[in-house]
Amino acid sequence: MIALVRSELYRMATIRSSWVSIAVFSVLGALFGAVNVDAWALLAGMGAFGLAVLGVTQHFQHRTAVLLYLARPARLLTLLGQVVASVIVAVGFAAVSGVTVLAKGDLTQYRNTLTLVPVMAVFGAANAAVVRRPTWLFLGYAGWFVFVEGLLGRLSAPLPFSAFLGAGGGDRTSLLIAAAWTALALAAAAIATRRDLTTD
């Protein structure tokens, strides 16, 4: 398990698109934090989701998933390793990008965001293991957020991103709802690991 997490972290550090994304999100987060703490919190949460999605889906994009599963046939353990690696990267990114928030002395928002970031990372990694295509996932969730959660739910219904936004503001009930959505996504990912790779 430790070797798998280490190899996933090494892969993220050596693939240009991964480390460039992490660096860009970190710099943007620090700039946002200097201007507006809420903007930083939103970027940290969405960045954690996006980085986790990219980290998991790269195996399917680069056609290395077959080799990965041949080398590590225990697919659930492989998924768990990818989730843990995604959480480590997301928390590291959020902690570093929030230095300007810490400098401003807003410890509450920093703590609330760092509490939420691992949940967002697990949610992103689990969804990526199901969908396997980052573009489909990002476009699908963008439409979901705007039309379902924004227009229909008014960002107050107990739906995934509404719950994540509430949890980022320190609402414990929203954090529990977000955790429940994450657990549901993990269950779907565990089932999806058995899916054949030939269609991907």
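Further up the page is the structure itself.
We now turn to the structure provided with this report. (Residues numbered from 1 in each chain as written. Predicted model: local features only at pLDDT ≥ 70, side-chain atom pairs only at ≥ 80, totals over all residues. Heavy atoms only, no water.)

## Considering the nonpolar core
- In this structure, Phe49, Leu116, Met120, Phe123, Phe161 and Phe164 are the most contacted members of the largest nonpolar core, which totals 46 residues.
- Per-element tally for this core: the top contributor is helix α7 (residues 107–131), with 12 residues.
- Once residues lying within four places of it in the same chain are set aside, the contact partners of Met120 are Gly45, Met46, Ala48, Phe49, Phe161 and Phe164. (Core = buried A, V, L, I, M, F, W, Y, C linked by side-chain atoms within 4.5 Å. Buried < 20%, exposed > 50% of the residue type's maximum accessible area, 1.4 Å probe, protein only. Helix = DSSP H or I, 4+ residues; strand = E, 2+ residues; numbered from the N terminus. Contact = heavy atoms within 4.5 Å.)

## Overview of the side chain of Gln109
- Mapped onto the elements, Gln109 comes out in helix α7.
- Its relative accessible area of 12% is what places Gln109 among the buried residues.
- With near-sequence residues (within four places) excluded, Gln109 lies in contact with Val37, Asp38, Trp40, Ala41 and Gly168.

## What to know about empty space enclosed by the protein
- On inspection of all chains with the given rule, the structure shows one cavity of 30 Å³ or more.
- Counted as a void, the largest cavity has a volume near 80 Å³.
- Residue lining of the largest cavity: Met12, Ser17, Ser18, Ser21, Ile22, Leu51, Ala52, Leu54, Gly55, Gln58, Ser86 and Val89, and that is the complete set.
- The dominant element in the lining of the largest cavity, judged by the number of residues it contributes, is helix α3 (residues 37–61), at five residues.
- Classifying every residue of the lining of the largest cavity gives six nonpolar, six polar and no charged. (1 Å grid on protein atoms, 1.4 Å probe; cavity = no way out; pocket = protein on both sides within 12 Å on 5 of 7 lines; lining within 4 Å. Points joined across faces, edges and corners; volume = space filled by probe spheres on them. Nonpolar A, V, L, I, M, F, W, Y, C, P; charged D, E, K, R; others polar.)

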